Amino acid sequence: MENVNKIKQNQIKLQNRYKQLIEQAYNLRETDCALSDISEFKAIKLLNKLNRLKYLSREPAKQRLL
């Protein structure tokens, strides 16, 4: 159960960072395309991590049902 809480906390932290990077990429789109692309790339990498954590946090609930 403790691991699930750690995963949830990590998800919240990464979601906040993801939102910041997406907003930064949007704001930089008109002024500096290179920085916008870098922020967007970092956001995509974070989204992949979030998807993996979402899968991990789903597993214990699935195992309890079996």
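Only a predicted model underlies this, so the values are computations on that prediction, with no experimental measurement involved.

What follows is about the overall build of the protein chain. Secondary structure assignment for the protein chain yields 2 helices and 0 strands. Buried positions account for 21% of the 66 residues belonging to the protein chain. Nonlocal contacts in the protein chain, meaning residues at least 24 apart in sequence, comprise 62% of its contacts between residues at least 6 apart.

This brings us to the environment of asparagine 3. With respect to the helices, strands and loops of the structure, asparagine 3 is situated in helix α1 (residues 2-28). A residue is classified by how much of its surface remains accessible, and asparagine 3, at 55% relative accessible area, is exposed. Distance from asparagine 3 to leucine 56, taken between C-alpha atoms, is 9.9 Å for residues 53 residues apart in sequence.

So, on to the nonpolar core. Ile7, Leu14, Leu21, Ala43, Leu46, Leu50 and Leu53 form the largest nonpolar core, which has 7 residues in total. Mapped onto this core, the elements with two or more residues apiece are α1 and α2 (33-65). Ranked by residue count, the leading element in this core is α2, at 4 residues.

Rules used in this analysis
Residues numbered from 1 in each chain as written. Predicted model: local features only at pLDDT ≥ 70, side-chain atom pairs only at ≥ 80, totals over all residues. Heavy atoms only, no water. Helix = DSSP H or I, 4+ residues; strand = E, 2+ residues; numbered from the N terminus. Buried < 20%, exposed > 50% of the residue type's maximum accessible area, 1.4 Å probe, protein only. Contact = heavy atoms within 4.5 Å. Core = buried A, V, L, I, M, F, W, Y, C linked by side-chain atoms within 4.5 Å.

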